[in-house]
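Here is what each chain is made of, one letter per residue.
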Amino acid sequence: MKLLMLGGTEYVGRAITEDALARGWEVTVFHRGRHAPPPGTASLLGDRTEAGGLTALAAGEWDLAVDTWGGAPTAVRDAARLLHGRVGHFTYISSRSVYTYPSPPGLGEGAPVVEGSADAAPQGYAQDKRGGELAAVGAFGEEHALLVRPGLIIGPYENVGRLPWWLNRAARGGPMLAPGPRELPLQYIDVRDLARWTLDAARDGRGGAYNLVSPLGHTTMGGLLDAVTAVTGGRADLRWTAAEPIRDAGIEPWTELPIWLPEGELHDYMFGGDVTKALAAGLVCRPVEETVAATWSWLESLGGAAPQRPDRPAPGIGAEREAALIG
């Protein structure tokens, strides 16, 4: 198979590129040149935000194309239109954020989505991703455009900092704030499972939207933090704390305590997706222990300093604020 990867040097794009290379596929990476693509790929340079930025894609044919773009939908639109007729199947990595908020848990791909337009300038993450979906379908049609809707993504190469923060915090040891309850269910996708399923689905010619996260309750907050403390040497002493004192202390879920959301409307929205369709199409999610161990191994290879996207603030609570709450 010949794969064109639009953005294949970081996180999701890199995981998809490496999975394709492991299959023996021929991979071309179109990127801006800010990071080196994985060895074994062909490289095409261009900046989709600039006039003439797609010139490098004016020639060439591929079986599959995968696009991870998260900005203005017009970038997806222009690339998809340019590639139509020279690419057999187009995949767009979207997001479960396209669903309107709030939404009750258990909704599938037919749930209401936000407004979006393929012709829009940047509006916001959810609207941009929805516009990207419409751009992909507009160029390739529903049968030949696969819309992958992951939720929380964790694993090696993470450049948002959520799981790396917990790993580095646990590695420091000592009393560690553990936001509860322990049995709080989580729903996420290991980036390597996302990559594998996406390429399988694209190869098989699947079209339409698919929620791509682990089944409900695949792990819990307790399961995640137990794995984190175990892989980092068991030096951290988990101090399980209910949501109310965390809220009273002014500590922000998701940002200061990455991944964690207290029970309620937002938790249901983020961790309540129905993945029946993806499971029927072959989705397999590895145990959380494998995800955590692989991420720690990658993080150690970098000396503990994970890459951080410049458009995302680094997550995590400061040591003083943590100590003030747990004593």
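We now turn to the structure provided with this report.

So, how was this worked out
Residues numbered from 1 in each chain as written. Predicted model: local features only at pLDDT ≥ 70, side-chain atom pairs only at ≥ 80, totals over all residues. Heavy atoms only, no water. Helix = DSSP H or I, 4+ residues; strand = E, 2+ residues; numbered from the N terminus. Rg over C-alpha atoms; globule rule 2.2 N^0.38 Å. Buried < 20%, exposed > 50% of the residue type's maximum accessible area, 1.4 Å probe, protein only. Contact = heavy atoms within 4.5 Å. Lys, Arg positive; Asp, Glu negative; His and termini not counted. Charge placed at Lys NZ, Arg CZ, Asp CG, Glu CD. Pairing = 2+ DSSP bridges. Core = buried A, V, L, I, M, F, W, Y, C linked by side-chain atoms within 4.5 Å. Axes fitted to C-alpha atoms, helices over the stretch in contact; angles between N-to-C directions. Parallel < 35°, antiparallel > 145°, perpendicular 65-115°, else oblique. Left-handed = near helix turned anticlockwise from the far one by under 90°. Nonpolar A, V, L, I, M, F, W, Y, C, P; charged D, E, K, R; others polar. 1 Å grid on protein atoms, 1.4 Å probe; cavity = no way out; pocket = protein on both sides within 12 Å on 5 of 7 lines; lining within 4 Å. Points joined across faces, edges and corners; volume = space filled by probe spheres on them. Salt bridge = Lys/Arg side-chain N within 4 Å of Asp/Glu carboxyl O. Expected span 1.5 Å × (residues − 1).

Helix and strand counts for the protein stand at 11 helices and 15 strands. Taken over C-alpha atoms, the radius of gyration comes to 20 Å for the protein, in line with the 20 Å a tight globule of 327 residues would show. Reported as C-alpha extents along the three principal axes, the dimensions of the protein are approximately 60 × 40 × 35 Å. Going through the 327 residues of the protein one by one, you find that 52% of them count as buried. Sequence-distant contacts in the protein: of pairs separated by 6 or more residues, those separated by 24 or more amount to 77%. A gap of 3 Å separates the mean positions of the 29 positive and 39 negative side-chain charges of the protein.

The next subject is the pairing of strand β4 (residues 62-67). Each regular strand shows side chains that alternate between the opposite faces of the sheet. Counting buried positions over the 6 residues of β4 gives 5, a clear majority of the element. In terms of strand pairing, strand β1 (residues 2-6) meets β4 through 4 bridges, oriented parallel. Looking across to β4, one finds that Leu 3 is bridged to Leu 64. Both β4 and strand β5 (residues 87-93) contribute to a ladder of 5 bridges, which runs parallel. For Leu 64, the partnering residue across the bridge sits in β5 and is His 89.

Core analysis: the largest hydrophobic core is formed by 39 residues, its most contacted members being Trp 166, Met 221, Leu 224, Leu 257 and Val 292. Beyond its immediate stretch of four places on either side in the chain, Leu 224 contacts Leu 163, Leu 186, Thr 219, Ile 259, Val 288 and Val 292. Counting residues in hydrophobic clusters, the runner-up holds 30 residues, among them Trp 25, Val 29, Leu 64 and Leu 194.

For the pair helix α4 (residues 162-172) and helix α6 (residues 221-231), the least separation of the axes is 8 Å and the interaxial angle reads 50°. In this view, α4 runs oblique relative to α6, as classed from their interaxial angle. In the crossing of α4 with α6, the sense of the turn from one axis to the other is right-handed. Residues Leu 163, Trp 166, Leu 167 and Ala 170 of α4 form the contact with α6, whose participating residues are Met 221, Leu 224, Leu 225, Val 228, Thr 229 and Val 231. Tallied by class, residues from the contact of α4 with α6 come to 9 nonpolar, 1 polar and no charged.

Right, let's get into the side chain of Ser 214. Residue placement: Ser 214 occurs in the loop between β11 (208-212) and β12 (219-220). Note on Ser 214: relative accessible area 0%, which makes it buried. Discounting residues that sit within four places of it in the chain, Ser 214 has contacts with Leu 186, Gln 187, Tyr 188, Val 275 and Cys 285.

Another aspect to go through is empty space enclosed by the protein. Tallying each qualifying case throughout the model produces 1 cavity of 30 Å³ or more. Approximately 70 Å³ is the volume found for the largest cavity. A per-class count over the lining of the largest cavity returns 6 nonpolar, 5 polar and 2 charged.

Turning our eyes to something else, we now look at the environment of Pro 39. Mapping Pro 39 onto the fold places it in the loop between β2 (26-31) and β3 (42-45). For Pro 39, a relative accessible area of 72% gives the class exposed.

Mapped onto the secondary structure, Ala 319 falls in helix α11 (residues 319-326). Look at Ala 319 and you get exposed, because its relative accessible area is 53%. Taking the C-alpha atoms as reference points, Ala 319 and Arg 32, separated by 287 residues in sequence, lie 37 Å from one another.

Tallying each qualifying case throughout the model produces 19 salt bridges. Residue Arg 203 pairs with Asp 204 through a salt bridge whose shortest N-O separation is 3.0 Å. The partner of Asp 311 in a salt bridge is Arg 309, with the nearest N and O atoms 2.6 Å apart. Under the relative-accessibility criterion, Arg 309 is labelled partly exposed at 29%. One network of salt bridges, with partners in common, ties together Asp 19, Arg 23, Asp 200, Arg 203 and Asp 204.

Here we take up helix α5 (residues 191-203). Here α5 contains 13 residues, and its C-alpha end-to-end distance of 18 Å stays within 8% of the 18 Å for a straight helix at 1.5 Å per residue. For α5, every residue scored as buried is listed here: Val 191, Asp 193, Leu 194, Ala 195, Trp 197, Thr 198, Leu 199, Ala 201 and Ala 202. Taken from the residues just after α5, Gly 205 is the one with a positive phi, measuring 75°.

Another aspect to go through is the packing of α4 against helix α10 (residues 288-301). Relative to each other, α4 and α10 sit at 75°, their axes nearing to 10 Å. By the angle between their directions, the pair α4 and α10 is classed as roughly perpendicular. Contact residues: Leu 163, Pro 164, Leu 167, Asn 168 and Ala 171 in α4; Thr 291, Val 292, Thr 295, Trp 296, Trp 298 and Leu 299 in α10. Looking at side-chain class alone, the contact of α4 with α10 contains 8 nonpolar, 3 polar and no charged residues.

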